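# What the coordinates show
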Amino acid sequence: GYVYEPTINDIIKMIEALKKQGDIAVAVQLTGGEPTLREDLIEIVKTLRQLGVTHIQLNTHGIKFASLYLKDPEKAIEYSKELRTAGVNTVYLSFDGVTPTTNPKNHWEVPYILEVFRLSGMSSIVFVPTVIKSVNDNELGDIIRIAAYNMDVVRGVNFQPVSLVGMMRKQERAKFRITIPEVIKLIEEQTEGEISKDSWYPVGAAVPIARFLELLGTSKRAEFTTSPICGAATYVYVKRKYNEIHFVPIINMVDADGLLDYLERRYENLINKPKILVKILGFTSITTILNKYILWNHVPDEIKSELRSILLDIFIHRNYAALGKFHYKFLFLGMMHFMDEWNYDVERVMRCAIHYALPDGRIIPFCAFNIINDIYRDTPQKTYGIPLEEYIRKYGEKSIYEQKYFRTKELIEKMSQGDIYRQFYQPVMYRTKNT
């Protein structure tokens with residue numbers, strides 16, 4: 001019964017409250033509902049940039065891009081370009097499976113969404129599948145394959161094991177619940193062992209790297225000191241031979257345990273040393289890293305020289321552009337298991353790295369916001385929202401109707417017969433045919 005659309009001024013207050021938090025990475029994800037329903041979305045993005053937000057993600061099902069493209073390709077491309085120019089760094093695109101059964105939300109539209117992004121220069125897309133046991137957990141490998149075949153615009157896949165926030169009986173929870181270890185095991189099976197269970201590390205494993213980079217520079221680094229239960233991640237290099245692809249996890253190319261231990265020890269040894277000595281000893285450490293902890297015999301020949309250059313760039317320049325080069329060569333794979341009433345853990349909430357900002361200045365941990373509705377989600381959204389009856393009186397019923405997306409049989413047929421659709425799903429067509 002209500003529409004919650006914070007005004008530009010509300011959003012400014014949210015960012016100002018965020019910036020008061022101290023040593024944080026000022027990164028924002030625009031989510032919803034569906035953000036592309038906002039007619040002032042481009043203005044919102046521009047405002048975030050003006051306020052000093054360094055990274056902006058757009059969380060969307062992307063249907064608006066496909067819908068516009070099918071009617072007027074130039075209009076769709078222009079809209080995407082405007083968002084990119086305004087400051088959108090990454091599109092967090094819902095993609096729950098490779099078949100209509102597992103992904104009824106935007107199965108037919110995704111190929112056209114990516115086509116718009118290609119033509120508009122929106123080149124940082126992350127697929128975001130919600131993983132539900134017995135529903136789409138048999139398609140995890142194929143989702144990764146689709147991402148690999150589209151690495152000109154896709155930077156990664158971030159799996160989200162389902163969070164069961166509604167009323168549900170124990171038997172239903174057992175049927176649909178899936179954990180991070182289960183997802184990792186299934187990915188190993190569905191990639192024929194190429195992305196093994198040993199390829200993954202908790203998100204917090206990046207802390208020694210962040211602290212070492214901070215020693216070499218002057219600016220604070222995001223450390224992501226979340227609970228190890230929150231999420232896991234890895235990177236894979238995609239080897240292409242003719243029309244086939246194979247995955248080489250970064251863990252195969254790096255002595256990760258040795259490297260992380262070395263960086264932690266270097267940080268502890270150098271943290272209280274004079275800055276000039278830290279600089280000298282820090283940079284000599286880079287040589288040790290490249291020569292001792294990178295397993296060059298296991299690095300594919302076609303990437304060896306470029307990987308050395310990329311790593312040097314990251315350690316020397318320590319900036320967004322340097323990390324960007326790495327992300328364009330390796331496919332990121334991650335997963336974050338958001339909590340629900342049945343697995344709520346206060347210790348995890350205390351170490352949360354993802355938050356909701358509210359117009360009243362509060363910054364609420366993500367899981368707490370979504371689970372404790374009476375305190376966090378429902379009350380503020382009703383307080384700052386407009387009751388549906390009032391919204392209709394103000395804008396008319398037509399305003400609601402015009403924002404709905406109608407996927408007719410004729411439209412499905414048009415999309416599924418297009419070359420863009422067929423080429424996109426060709427690598428996993430054996431499965432879509434069976435479905």
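Nothing here was measured: the structure is a model prediction, and the numbers come from that model.

### As for the layout of surface pockets
Each pocket or cavity is described by its volume, and for the second largest pocket that value is around 1,300 Å³. Listing elements by their share of the lining of the second largest pocket, those giving two or more residues are helix H2 (41–50), helix H3 (63–71), helix H4 (73–86), helix H17 (388–395) and helix H18 (397–402). Considering each element in turn, the lining of the second largest pocket owes the most residues, six residues, to H3. Residues belonging to the lining of the second largest pocket are distributed by class as follows: 16 nonpolar, seven polar and 15 charged.

### Observations concerning unusual backbone geometry
For the bond from Gly-32 to Gly-33, the omega torsion is 10°, close enough to zero to count as cis. Take Gly-33: it is sitting in the loop between strand S2 (27–30) and H2. With a phi close to 75°, Ser-134 is a non-glycine residue in the positive phi region. Relative to the helices and strands, Ser-134 resides in the loop between strand S6 (130–131) and helix H6 (140–149). Of note in this structure, Tyr-242 is not a glycine but carries a positive phi near 55°.

### Quick word on the state of the cysteines
All told, the structure shown has zero disulfides when counted by the stated rule. We note that Cys-230 lacks a disulfide partner, and the nearest cysteine sulfur, in Cys-367, lies 6.7 Å from it. The thiol of Cys-367 is unpaired, and the distance to the nearest cysteine sulfur, on Cys-352, comes to 6.0 Å.

### A look at the pairing of strand S11 (residues 331–336)
In terms of residue burial, S11 counts as a mostly covered element, since five of its six residues are buried. Here strand S7 (residues 154–161) runs beside S11; their pairing, made up of four bridges, is parallel. Across the sheet, residue Asn-158 finds its bridge partner in S11, namely Gly-334. As judged from the six bridges shared by strand S9 (residues 231–241) and S11, these two strands associate in the antiparallel manner. Among the inter-strand pairings, Ala-233 is bridged to a residue of S11, identified as Gly-334.

### Re the environment of Ile-316
Position of Ile-316 relative to the elements: it lies in helix H12 (residues 304–317). Linking Ile-316 and Leu-216, residues 100 residues apart in sequence, is a C-alpha distance of 8.1 Å.

### Re the nonpolar core
Within the largest apolar cluster, 75 residues are counted, with the highest numbers of intra-cluster contacts made by Leu-83, Phe-127 and Tyr-425. Ignoring any residue separated from it by four or fewer positions in sequence, one finds Leu-83 in contact with Leu-41, Ile-42, Val-45, Leu-58, Phe-65, Val-88 and Met-122.

### With respect to the side chain of Arg-155
On the secondary structure map, Arg-155 appears in strand S7. No salt bridge is formed by the buried Arg-155, whose closest oppositely charged neighbour, Asp-152, lies at an N-O distance of 6.8 Å. In terms of polar contacts, Arg-155 uses its side chain to reach the backbone carbonyl oxygen of Met-151, at 2.4 Å.

### Notes on the environment of Ala-368
Tracing the backbone through its elements, the reader meets Ala-368 in helix H15 (residues 366–371). Residues Ala-368 and Ala-210 lie 158 residues apart in sequence; the distance between their C-alpha atoms is 27 Å. Contact partners of Ala-368, with chain neighbours within four places excluded, come to Tyr-344, Val-349 and Tyr-376.

### Observations concerning the pairing of S9
Of the strand pairs in this sheet, strand S8 (residues 201–202) and S9 are connected by two bridges, and their pairing is antiparallel. Across the sheet, the residue bridging to Pro-202 is Ala-232, located in S9. With six bridges joining them, S9 and strand S10 (residues 244–249) adopt antiparallel strand pairing. In the strand pairing of S10, Lys-239 is matched with His-246. In sequence, S9 turns back onto S10 through a hairpin of two residues, with Tyr-242 there showing a positive phi of about 55°.

### Side note on the packing of aromatic side chains
In total, this model carries 17 aromatic pairs according to the counting rule given. Between Tyr-262 and Tyr-293, the ring centres sit 5.3 Å apart and the planes meet at 35°, which makes this aromatic pair tilted. Placement of Tyr-262 in helix H10 (residues 256–270) and of Tyr-293 in helix H11 (residues 275–293) is noted, with a sequence separation of 31 residues between them. Here the two residues Tyr-262 and Tyr-293 agree in accessibility, since each one is buried. Here the aromatic rings of Tyr-391 and Tyr-395 are separated by 4.7 Å at their centres, their planes lie at 45°, and the arrangement is tilted. Placement of both Tyr-391 and Tyr-395 in helix H17 is noted, with a separation of four residues, approximately one turn of the helix. Classification of Tyr-391 by relative accessible area gives buried; the value is 8%. We classify Tyr-395 as partly exposed; its relative accessible area is 44%. The ring of Tyr-328 carries Arg-155 above its face, with NZ or CZ at 3.9 Å from the centroid. We note Arg-308 situated over the ring of Trp-296; from NZ or CZ to the ring centre the distance is 4.4 Å.

Calculation rules
Residues numbered from 1 in each chain as written. Predicted model: local features only at pLDDT ≥ 70, side-chain atom pairs only at ≥ 80, totals over all residues. Heavy atoms only, no water. 1 Å grid on protein atoms, 1.4 Å probe; cavity = no way out; pocket = protein on both sides within 12 Å on 5 of 7 lines; lining within 4 Å. Points joined across faces, edges and corners; volume = space filled by probe spheres on them. Helix = DSSP H or I, 4+ residues; strand = E, 2+ residues; numbered from the N terminus. Nonpolar A, V, L, I, M, F, W, Y, C, P; charged D, E, K, R; others polar. Disulfide = S-S within 2.5 Å. Buried < 20%, exposed > 50% of the residue type's maximum accessible area, 1.4 Å probe, protein only. Pairing = 2+ DSSP bridges. Core = buried A, V, L, I, M, F, W, Y, C linked by side-chain atoms within 4.5 Å. Contact = heavy atoms within 4.5 Å. Lys, Arg positive; Asp, Glu negative; His and termini not counted. Salt bridge = Lys/Arg side-chain N within 4 Å of Asp/Glu carboxyl O. Polar contact = N/O pair within 3.5 Å; in protein donor to acceptor, adjacent residues only side chain to side chain. Phe/Tyr/Trp six-rings, centres within 6.5 Å; stacked < 30°, edge-to-face > 60°. Lys NZ or Arg CZ within 6 Å of the ring centre and 35° of its normal.

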